[in-house]
Each structure stands twice: as C-alpha cells, then as structure tokens.
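Chain by chain, the residues run as shown.
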Amino acid sequence: MNIGNRTVPFEITGVSHGLKEVEGLVKLSEEGFELEYQLKDSFVGMMKSDQKTTIIPYRNLEEITFKKGWFSSKIILEGTSMDAFNDLPGTEPGSRTLKIKGKHKKEAEQLVSRARMRFSEYKLNQMEGE
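The sections below set out a description of the structure shown in this document.

Rules behind the numbers
Residues numbered from 1 in each chain as written. Predicted model: local features only at pLDDT ≥ 70, side-chain atom pairs only at ≥ 80, totals over all residues. Heavy atoms only, no water. Salt bridge = Lys/Arg side-chain N within 4 Å of Asp/Glu carboxyl O. Helix = DSSP H or I, 4+ residues; strand = E, 2+ residues; numbered from the N terminus. Buried < 20%, exposed > 50% of the residue type's maximum accessible area, 1.4 Å probe, protein only. Patch = residues over 30% accessible without salt bridge, like charges linked within 9 Å, V, L, I, M, F, W, Y side chains within 5 Å. Areas by Shrake-Rupley, 256 points an atom, 1.4 Å probe, with all protein chains shown as cover. Lys, Arg positive; Asp, Glu negative; His and termini not counted. Charge placed at Lys NZ, Arg CZ, Asp CG, Glu CD. Core = buried A, V, L, I, M, F, W, Y, C linked by side-chain atoms within 4.5 Å. Contact = heavy atoms within 4.5 Å. Phe/Tyr/Trp six-rings, centres within 6.5 Å; stacked < 30°, edge-to-face > 60°. Pairing = 2+ DSSP bridges.

**Things to note about the pattern of salt bridges**
For the coordinates displayed, the defined rule picks out 7 salt bridges. Residue E23 pairs with K40 through a salt bridge whose shortest N-O separation is 3.2 Å. In this pair, E23 is assigned in strand 2 (residues 20-28) and K40 in strand 3 (residues 32-41), connecting sequence segments 17 residues apart. For K40, a relative accessible area of 16% gives the class buried.

This is the structure in structure tokens:
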C-alpha cells in the first residue's frame, strides 16, 4: 500500500560488469521501500527485461542515507546481510545505491526523510517487543 507519497525515478548503473543498468521507480509502502524496475542494456537501451516489483522491508535495512550531488543525488540503502537485496540487481553486496537525477532531488530527499521516520518507528517497535 502506498502511504501517500510520490514515486521517484532511479537508476542503478554498472550491473553485470557495466553491460546492464536498472531503471525504475521507488516509493514507500507500509513494509519498506517498494521498487518497480526493469533491466536494460547499457549501450543502446533497447533490450529491456520485463517489469519487476520488489519490496525492501525495514527489517532488512541497517541504514538509509541520502547524498546530494551537483547533477545527481543518491539514496544509499545498507542491508543487515549480504542477501538483503537478492531481488534487486546491483553491484554492491549488502548495499544498493539508487542514483537520482537532479530534477528529482527534492522528491528523493523528502522520500528519504519519511523513510527514516518510518524506519525509526520500526526500530522502536522492535525494541519494545523484545
């Protein structure tokens, strides 16, 4: 379920030794980050995979970071284990970096702010349940 925020376009570059990249949309759901994406070849971008959807639950996350850049920004998701992101292609074990184009920087920053709040609530609930 979408919790009333916008989707933000993202890319993951360098997949399969630079032969492929991921393009998609990220939004928040009650469980965590919901990502709709497809793989495409890096050279021409014509060969695309079927669209896939995956959810990265808060329980699989250790940290959520937003890094501003001049032309693009990044949402960095650090996992609790190496297989936290098995359903999402990438180049870093236990971590995924979602590249955000400059024109979507503000929406991405707001998304990360809301995600951190939900992540904190999740962690507090976990501590109370122990």
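From this point on, the discussion continues.
**Re a negative patch on the surface**
Residues E62, E63, E78 and E92 make up a contiguous surface patch of negative charge. As for its position among the elements, E92 is in the loop between strand 6 (72-79) and strand 7 (95-101). Overall, E92 belongs to the partly exposed group, its relative accessible area being 31%.

**Concerning the nonpolar core**
In terms of nonpolar packing, the biggest core is built from 28 residues, with F10, F33, L61 and I75 touching the most fellow members. Of all the elements in the fold, those that place two or more residues in this core are strand 1 (8-15), strand 2, strand 3, strand 5 (61-67), strand 6, strand 7 and helix 1 (105-129). Looking at which element gives the most residues to this core, the answer is helix 1, with 5 residues. Discounting residues that sit within four places of it in the chain, F33 has contacts with V26, K27, L28, T54, I55, I56, L61, I64, L77, L111 and A115.

**Quick look at the side chain of E34**
One can find E34 in strand 3. Given the relative accessible area of 15%, E34 is considered buried. Not counting chain neighbours up to four residues away, the residues in contact with E34 comprise L25, V26, K27, S29, T53, T54 and I55.

**Comments concerning the packing of aromatic side chains**
Across all of its chains, the model carries 2 aromatic pairs by this definition. The interplanar angle of 40° and the centroid separation of 6.3 Å between the aromatic rings of Y58 and F119 together place this pair among those described as tilted. Residue Y58 is found in the loop between strand 4 (52-57) and strand 5, and its partner F119 is found in helix 1; the two are separated by 61 residues along the sequence. When its relative accessible area of 3% is taken as the criterion, Y58 is described as buried. Each ring, one from Y58 and one from Y122, has its centre 6.4 Å from the other, and the planes form 35°; the classification is tilted. Taken as a pair, Y58 in the loop between strand 4 and strand 5 and Y122 in helix 1 lie far apart in primary sequence, 64 residues in all. A relative accessible area of 22% places Y122 in the partly exposed class. An aromatic cluster is built from Y58, F119 and Y122, whose rings are joined through pairwise contacts.

**Considerations on the pairing of strand 2**
Where strand 1 and strand 2 come together, 6 bridges link them in antiparallel fashion. If you follow F10 over to strand 2, its bridge partner there is G24. Taking the residues that link successive antiparallel strands as the turn, the strand 1-strand 2 hairpin has 4 residues, and the phi of S16 there is positive, at about 55°. Bridge count between strand 2 and strand 3: 9 bridges; the pairing is antiparallel. Looking at strand 3, one finds that V26 is bridged to L35. Linking two consecutive strands that pair antiparallel, namely strand 2 and strand 3, is a turn of 3 residues.

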